[in-house]
Amino acid sequence: MTTLTAPPAAAPARTGLLLAVILTGQFMAILDATIVTVAAPSMRADLRASGAALQLVVAGYTIVYAVLLITGARLGRGYGHRRLFLTGLALFTAASLACGLAGTTGQLIAFRLVQGAGAALMVPQVLSLIQLTFDGPARARAFGVYSAVLSGAAVAGQVLGGVLTSADIAGTGWRPIFLVNVPLGLALLAAAVRLLPADRPAPGPGLDVPGLLTLSPAVLLLVVPLVLGHELGWPAWGWAMLAGSAVCFAALPLVQRRSAAPLMPPRVVRAPGLALAAGAIFLMMAGYAGFLFTIALYLQSGLGLSPLEAGLAFVLPALAFGAASLNWKRVPARLHRAMIPAGLAVSAAGYVLTAVIASGLGPVSVRFELAAVLSGAGMGLAFGPTLNAALAHVPPADAADASGLMATVTQLGQVAGIAALGTLYLSLAPTPGSPAAATAALATNLAVATLIAASALTTTLLPRPR
């Protein structure tokens, strides 16, 4: 088993290209978590899929992706981040082609699971490579771009899914939402082979099989009922899975203490600010992802907008998130910690204003857009500095483990936020086309999202980044 040490310093132009390549891979992985949602009705008509099967098409990718993220990070540490990024990208690209050519619902579900596995191998290497390649202000800038990609990809998935499905290119309907990954993935593979630093072997710990066999079921048992619970009426097996997840998570520290090469070494968890920032990022992503999801439901079921129109409504908030993520580092470093609660307060104000404005119903107005922009900008100001603070005190040797933890926390936060706030919305507005009920549910969701954002104010206790 080998691990990766910090590579020699590279020219700024080359590191810029490297960042573009790995973040484009990250963009593709996040894009495919949202692009399918808009195309779901077209898939259902074409493949004659049942509601449960369609849920598995949409959620199967997210489930496998979330379950295998920490495993992908540890494999990157053991076998090389370059090798795992290339392997994951190749698997993701091949699975995208297979999804686009699938002839049955069963085939599409299977290929979506493989696609999620490819993403889980690729994505953890992104943060690890950023940590190993960049330092100081350059690392802060890289994290800013990373934050912008997270938001931009989620929104781009909804917009691009609507555009490609509506275009019905050559009568292919929904299939281009997967096939578009193929030329992009091949181009990225060619560029990554040239730009990614060679894996530099050094003695390292082996793979923690008992830890993986405890953590993976814990995440799986948590994510599956969160994703499928509402659609299936919260069956008893869903609650049993949640209870099983709690048991697995409770057993994990015991398993880790007995491991010679723990999946999450205690020194990583004890890194200054890491655990606190991880909890804050979970809450941020839960609130923001739940906010975006419920807004999408409100615009389509409450106001009757098309999927494309609803997707376009998110462009300005996404741009605001991206602009804030890219520019927070311009603020003097002494203010970075204070910027986190300030950004969350701005985001919370945006949630509240959006709820108040939406209660008047009618089409999406300028005031509605401005309130949504406020929520996106505030979250962008908070996310980048929090991620930077989380990883600032982690040594390069532990980059893979810390990156896997943060990637998993980010993904699980999004899944939990969408499941919790989406379930609340659908429970209060079960009938499509009921604007009054939709608005009441929206206001409730935004109030909950505001509380989630307020909870993350504990980041005022984060240590000052180096």
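Look above for the structure.
Residues numbered from 1 in each chain as written. Predicted model: local features only at pLDDT ≥ 70, side-chain atom pairs only at ≥ 80, totals over all residues. Heavy atoms only, no water.

Asks: Even after reading the chapter, I still don't get the layout of surface pockets, so can you show me in this structure?
Replies: Space left empty within the atom packing is revealed by a probe, the size of a water molecule, rolled over the atoms. Approximately 490 Å³ is the volume attributed to the second largest pocket. Leu215, Leu252, Met264, Val269 and Leu405 are, among the 18 residues lining the second largest pocket, the residues nearest its centre. The set of elements that each furnish at least two residues to the lining of the second largest pocket consists of helix H8 (209-228), helix H9 (236-258), helix H10 (266-269) and helix H16 (399-428). With five residues, the single largest contributor to the lining of the second largest pocket is H9. For the lining of the second largest pocket, the residue count by class is 15 nonpolar, two polar and one charged. (1 Å grid on protein atoms, 1.4 Å probe; cavity = no way out; pocket = protein on both sides within 12 Å on 5 of 7 lines; lining within 4 Å. Points joined across faces, edges and corners; volume = space filled by probe spheres on them. Helix = DSSP H or I, 4+ residues; strand = E, 2+ residues; numbered from the N terminus. Nonpolar A, V, L, I, M, F, W, Y, C, P; charged D, E, K, R; others polar.)

Asks: It is not clear to me how the packing of H8 against H9 should be interpreted in this structure. Could you clarify?
Replies: Describing two packed helices takes the angle between their axes plus the distance from one axis to the other. At a minimum axis distance of 8 Å, the contact between H8 and H9 shows a crossing angle of 155 degrees. It follows from the interaxial angle that H8 and H9 lie roughly antiparallel. Between H8 and H9 lies a crossing whose hand is left-handed. Residues Pro210, Gly211, Thr214, Leu215, Pro217, Ala218, Val219, Leu220, Leu221, Leu222, Val224 and Pro225 of H8 pack against Trp237, Gly238, Met241, Leu242, Gly244, Ser245, Cys248, Phe249, Ala251, Leu252, Val255 and Gln256 of H9. Here the residues of the contact of H8 with H9 sort into 18 nonpolar, six polar and no charged. (Axes fitted to C-alpha atoms, helices over the stretch in contact; angles between N-to-C directions. Parallel < 35°, antiparallel > 145°, perpendicular 65-115°, else oblique. Left-handed = near helix turned anticlockwise from the far one by under 90°. Contact = heavy atoms within 4.5 Å.)

Asks: Whenever I open this one, the nonpolar core confuses me. Can you help?
Replies: Where a protein is soluble and globular, its nonpolar side chains tend to be buried together. One finds Ile22, Ile130 and Leu391 to be the most contacted residues of the largest nonpolar core, which totals 91 residues. Among the elements that make up this core, the one with the highest residue count is helix H11 (residues 274-302) (14 residues). Contact partners of Ile130, with chain neighbours within four places excluded, come to Leu19, Ile22, Leu23, Ala142, Phe143 and Tyr146. The next biggest cluster of nonpolar side chains, apart from the first, holds 20 residues, and it includes Met43, Ala49, Trp174 and Phe178. (Core = buried A, V, L, I, M, F, W, Y, C linked by side-chain atoms within 4.5 Å. Buried < 20%, exposed > 50% of the residue type's maximum accessible area, 1.4 Å probe, protein only.)

Asks: What should I look at first to understand empty space enclosed by the protein in this one?
Replies: Using the criterion set out here, one finds two cavities of 30 Å³ or more in the structure. Within this model, the largest cavity holds a volume of roughly 50 Å³. What lines the largest cavity is Phe291, Leu292, Ile295, Leu299, Ala313, Phe314, Pro317, Phe368 and Ala372. The set of elements that each furnish at least two residues to the lining of the largest cavity consists of H11 and helix H15 (366-391). Looking at which element gives the most residues to the lining of the largest cavity, the answer is H11, with four residues.

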